[in-house]
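# Residue-level structure breakdown
Below are the chains, spelled out letter by letter.
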Amino acid sequence: VTVAVDAPQHSGLSEVLTYTASQPVPPGTLVRVPLGRRVVSGVVMPHPPQDDLGDADLRPIEQVIEGLPPMGTAWLQLAQFAARYYQRSLGEVALAALPPELRKLDAPQVLTRLKRLHKAVGPGAAVAQESVGPAELPPLTEEQQRVVQALESAAAPATTLLHGATGSGKTEVYLRAAARAVAQGRQALVLVPEINLTPQLEARFAERFKGHVIATLHSGLTPAQRLRHWLLAHLGVADLVLGTRMAVFASLPRLGLIVVDEEHDPSYKSQDGARYSARDLAVWRGRHEQLPVILGSATPSLETWLHAQQGRYARQDMPARVGGGVLPRVRLVDMNLQPRAVGQSLALSPPLQAALEGRIAKGEQSLVFLNRRGYAPVLFCGDCGWKSGCPNCSAWRVFHKLDRTLRCHHCGYTERVPKACPDCGNLDIAPMGRGTERLEEQLAQALKRPDGSPARIGRIDADSTRHKGELESQLAAVHAGEVDVLVGTQMVTKGHDFRRMTLVAAVNPDGALFSSDFRAAERLFALLMQAAGRAGREASQSAQSEMWVQTWHPTHPLYQALRQYDYSGFAQAQLDERAAASVPPYAHMALLRAEAKTAAAATGFLQAVSQALQDLPEAQALLESVFIYPPVPTPVAKVANVERIQMLLESPSRVALQKLLALAQPLLHELRHGYKGPQGGILRWALDVDPQAI
Ligand code: ADP
Ligand code: ZN
Ligand code: ZN
């Protein structure tokens, strides 16, 4: 039998290995097989047609994991497609899709877990019928009604873009679509971008689907929990599976619906291992298994928007907020006209400060967001020009005032803040710029409650939520009204249903306007729209709610589009620019990155790969439509003393690019081993298909 095992990419082992078995083992079965001196888990693959098992020195399968039903054909094909498309080994993708705990267990151990699970869940849990009756369901809004009907009456399973404003009630549409799938005896898979949004969604589904088993899959689970939830999905016990991007690989024997909420979110793209897009794989899975896929967003990715325009996806719009609420009024503060504080840039313009105090006086909450954590992004010596660089990276170390450290956010290198400038001894080294810690401090100093006491400022970012339970308790404090102003990074702008929030402010969002990354504007627009969606969610307060943006470029088209909440106008302008520049979604990209001790070595390797491709006879026709750019340093070129260089491959044809990448694979393996350029070898390389950022 052929078995996919997780052999490291550099081991040079082929996609799948062949073993003997004393009796037939169906494809999809989990087995334990010898690999070198170890015994590892593997998944039995369908036989390639030309498979000739005449070879005498094949080793036998060590153990078949009995009791665990084999993974279905559709799942195997998903793994095969993902491996092929993202240029990884089948074994790596297939095994990474299983819970790590499962790969460690032998047959008797798996049987024990299964028994325990069946005992806990009990028989017949899967067919529980006590879900919420029709009388208890909230009546749908007109828009929801129209969308739900359209989804139900679709002639064939399709991918549908649900373009709904923040607060338009998309979740209710997901719930109805899921209920329909479950009523038909199918499973529904619902993906969310952020792990901190799963509890909220889980609560809503649990309330609606009483008596049904709901499995959750995300990185916050313990290994044992993850195995348990994975098994609930795989055994078909769970009717609903909610999770982050990893859940797209869940084994679901009765799958009938996939929902991707906030489909535009960059976190659906994996940034290591197989760099897959869970959103794109969800669409592929839906097509392949002939089931409906709903992609929900207020600001769809331009890829999805274009597909909808071209008719590849159906599209449903829900422009209105539930309950007749309106989106907050957008107020642009022209920072060019604001007084400048002596010696430092201004965090809060006087009108914004007054507006925040006005909200506090009325007992309403505000959200102020800044996409930079820490106190200040860099420390600076005014005498000699020293800056707090990281010795290991081409990046500044961030000043964290709470524990008085300088921390590198790339390699983690942390030191106590020096008392004086390390270069000239000047005692007066100062923070430059502003992060959430500093913003929190400044707001606490500037804002007062009506009784004269300082305003209650909360802060939510990666630093304040490092420990388990911190995020939950901080969110609870906000919901309970114990916070006047919440400061945070983009973490707080997504998804949360804050009921008392009437003002949202972006204090310094301009940076993305002039980024070299062609997706920066798209992401900023989505972020600001999402952030605006946190204010005025209570319809009665929505007319007074506001979205403030402090900017040095108030006439920029992005902000002008934001003022009108004109997503489609903004999207069209972006698409026109993208078409003119031949970048995605009008072109397809792959990035080849190489890491080495020196930039020259990494560059040399990429040049050698490029040359080898240009010399390859089979590649000639493809190279007419695939352009290979020269290698350049990555945005942060050095991390932890490793230089990172990248080479972009671009083509108007996805197929041509894919074919060329397939030809590049063996070259990469060969060159990586043999390659000893004049500057030495490389440490590793990685291929990123459809990269998020270039
Ligand atoms: P979205 O995901 O589109 O931003 P939500 O699904 O969170 O919006 O819905 C916004 C709010 O409206 C939620 O508090 C939700 O409970 C409420 N809601 C949604 N649909 C209805 C409905 N049909 N009737 C009453 N309230 C609804
Ligand atoms: Zn100095
Ligand atoms: Zn560093």
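Being a predicted model, the structure only gives us computed values, none of them experimental.

## Quick look at the coordination of the zinc ion (ligand 2)
- Protein coordination at the zinc ion (ligand 2): the donors are Cys381 (SG), Cys384 (SG), Cys421 (SG) and Cys424 (SG), at 2.3 to 2.4 Å from the metal.
- Considering all four donor atoms around the zinc ion (ligand 2), angles at the metal cover 105 to 113° and the coordination shape is tetrahedral.
- Sequence positions of the donors to the zinc ion (ligand 2) reduce to the motif C-x2-C-x36-C-x2-C. Here Cys421 lies in the loop between strand S18 (414-416) and strand S19 (429-432) and Cys381 lies in strand S15 (residues 378-381), a separation of 40 residues in the sequence. A single burial state applies to Cys381 and to Cys421, both of which are buried.

## Considering the pattern of salt bridges
- Tallied over the full model, the rule gives 36 salt bridges.
- In this structure, Arg331 engages Glu546 in a salt bridge whose closest nitrogen and oxygen atoms are separated by 3.2 Å. Here Arg331, found in strand S13 (residues 329-334), pairs with Glu546, found in strand S23 (residues 546-551); they are 215 residues apart in sequence, far enough to count as distant.
- With relative accessibility at 11%, the residue Glu546 sits in the buried group.
- Of the charged contacts, one joins Arg499 and Glu538 as a salt bridge, the two residues approaching to 3.3 Å between their closest N and O atoms. With a gap of 39 residues between them, Arg499 in the loop between strand S21 (485-488) and strand S22 (501-506) and Glu538 in the loop between helix H14 (520-532) and helix H15 (539-542) connect regions that are remote in the sequence.
- Residue class for Glu538 comes out partly exposed when judged on its relative accessible area of 31%.

## A short note on the site of ligand 1
- In the vicinity of ligand 1, 17 residues are found, and the nearest of them are Pro139, Gln144, Gly167, Lys170 and Thr171.
- Gln144 places a side-chain nitrogen or oxygen 2.8 Å from a nitrogen atom of ligand 1.
- Contact between ligand 1 and Thr171: an oxygen atom at 2.9 Å from a side-chain N or O atom of the residue.
- About the coverage of ligand 1: the protein hides 75% of its 560 Å² of free accessible area.
- With respect to the detected pockets, ligand 1 is housed in the second largest pocket.
- The element contributing the most residues to the shell around ligand 1 is helix H6 (residues 170-183), with three residues.
- Looking at side-chain class alone, the shell around ligand 1 contains four nonpolar, seven polar and six charged residues.

## Examining the coordination of the zinc ion (ligand 3)
- The protein atoms donating to the zinc ion (ligand 3) are Cys390 (SG), Cys393 (SG), Cys408 (SG) and Cys411 (SG), with metal-donor distances spanning 2.2 to 2.3 Å.
- Counting along the primary sequence, the residues that act as donors to the zinc ion (ligand 3) give the motif C-x2-C-x14-C-x2-C. Of this pair, Cys390 sits in the loop between S15 and strand S16 (398-400) while Cys408 is found in the loop between strand S17 (405-407) and S18, placing the two residues 18 residues apart along the sequence.
- Take Cys408: its relative accessible area is 3%, and that puts it in the buried class.

## A few points about the packing of helix H1 (residues 73-85) against helix H9 (residues 278-289)
- For the pair H1 and H9, the least separation of the axes is 11 Å and the interaxial angle reads 135°. Considered as vectors, H1 and H9 are oriented oblique to each other. Seen from above, H1 lies across H9 with right-handed handedness. Of H9, the residues touching H1 (which contributes Ala74, Trp75, Gln77, Leu78, Phe81 and Ala82) are Leu281, Trp284, Arg285, His288 and Glu289.

## Considerations on the layout of surface pockets
- Estimated volume of the second largest pocket: approximately 920 Å³.
- Gly169, Thr171, Arg204, Asp497 and Arg537 are the residues nearest the centre of the second largest pocket, which is lined by 36 residues in total.
- Of all the secondary structure elements, the ones that give two or more residues to the lining of the second largest pocket are H6 and helix H7 (198-208).
- Of the residues belonging to the lining of the second largest pocket, the class tally is 10 nonpolar, 12 polar and 14 charged.

## Observations concerning helix H4 (residues 107-121)
- A rise of 1.5 Å per residue sets the reference length of H4, with its 15 residues, at 21 Å; its end C-alpha atoms lie 21 Å apart and thus fit the reference within 8%.
- Every buried residue belonging to H4 is among Ala107, Val110, Leu114 and Leu117, and all of these are buried. Angular distribution of buried residues about the axis of H4 spans 85°; they occupy a single face of the element. For H4, exposure combined with an orientation more than 90 degrees from the buried face picks out Lys115, Arg116, Lys119 and Ala120.
- Elements in contact with the buried residues of H4: strand S5 (63-64), helix H3 (100-104) and helix H8 (223-234).

## Looking at the sheet that holds S21
- The sheet built from six strands is open, its strands ordered S13-S23-S22-S14-S21-S20 with parallel pairing. Here the strands that pair on one side only, and so sit at the sheet edges, are S13 and strand S20 (457-460). Between one strand axis and the next, the sheet turns through 20° on average, direction left out of account.
- Judged from the four bridges that link them, strand S14 (residues 365-369) and S21 form a sheet pairing that is parallel. In the strand pairing of S21, Phe369 is matched with Gly488.

## Notes on the packing of aromatic side chains
- In total, this model carries nine aromatic pairs according to the counting rule given.
- Seen in terms of ring centroids, Phe249 and Tyr276 are 4.9 Å apart; in terms of plane orientation they differ by 80°. Their pairing is edge-to-face. Taken together, the residues span a long stretch of sequence, with Phe249 in the loop between strand S9 (240-243) and strand S10 (255-261) and Tyr276 in the loop between S10 and H9 at a distance of 27 residues. Taken as a pair, Phe249 and Tyr276 share a single burial class, namely buried.
- Put simply, the rings of Phe81, Tyr85, Tyr86 and Trp284 pair up and form one aromatic cluster.

## A few points about the pairing of strand S11 (residues 293-297)
- When you tally the buried positions in S11, you get five out of five residues, the bulk of the element.
- With five bridges connecting them, strand S6 (residues 159-164) and S11 associate as parallel partners. Residue Thr159 lies in a different strand from S11, and its bridge partner there is Val293.
- Of the strand pairs in this sheet, S10 and S11 are connected by four bridges, and their pairing is parallel. Residue pairing in the sheet places Ile258 in a bridge with Val293 of S11.
- In terms of handedness, the path from S10 via H9 over to S11 forms a crossover that is right-handed.

Rules and cut-offs
Residues numbered from 1 in each chain as written. Chains lettered and ligands numbered in written order. Predicted model: local features only at pLDDT ≥ 70, side-chain atom pairs only at ≥ 80, totals over all residues. Heavy atoms only, no water. Donors = N, O, S within 2.8 Å, 3.2 Å for Na, K, Ca; no water. Tetrahedral: all angles 85-135°; square planar, octahedral: opposite > 155°, others 65-115°. Helix = DSSP H or I, 4+ residues; strand = E, 2+ residues; numbered from the N terminus. Buried < 20%, exposed > 50% of the residue type's maximum accessible area, 1.4 Å probe, protein only. Salt bridge = Lys/Arg side-chain N within 4 Å of Asp/Glu carboxyl O. Near = heavy atom within 4 Å. Polar contact = N/O pair within 3.5 Å; in protein donor to acceptor, adjacent residues only side chain to side chain. Areas by Shrake-Rupley, 256 points an atom, 1.4 Å probe, with all protein chains shown as cover. 1 Å grid on protein atoms, 1.4 Å probe; cavity = no way out; pocket = protein on both sides within 12 Å on 5 of 7 lines; lining within 4 Å. Sits in = over half its atoms within 2 Å of the grid points. Nonpolar A, V, L, I, M, F, W, Y, C, P; charged D, E, K, R; others polar. Axes fitted to C-alpha atoms, helices over the stretch in contact; angles between N-to-C directions. Parallel < 35°, antiparallel > 145°, perpendicular 65-115°, else oblique. Left-handed = near helix turned anticlockwise from the far one by under 90°. Contact = heavy atoms within 4.5 Å. Points joined across faces, edges and corners; volume = space filled by probe spheres on them. Expected span 1.5 Å × (residues − 1). Arc of directions from axis to C-beta. Pairing = 2+ DSSP bridges. Phe/Tyr/Trp six-rings, centres within 6.5 Å; stacked < 30°, edge-to-face > 60°. Right-handed = clockwise from strand over helix to strand, strands pointing away.

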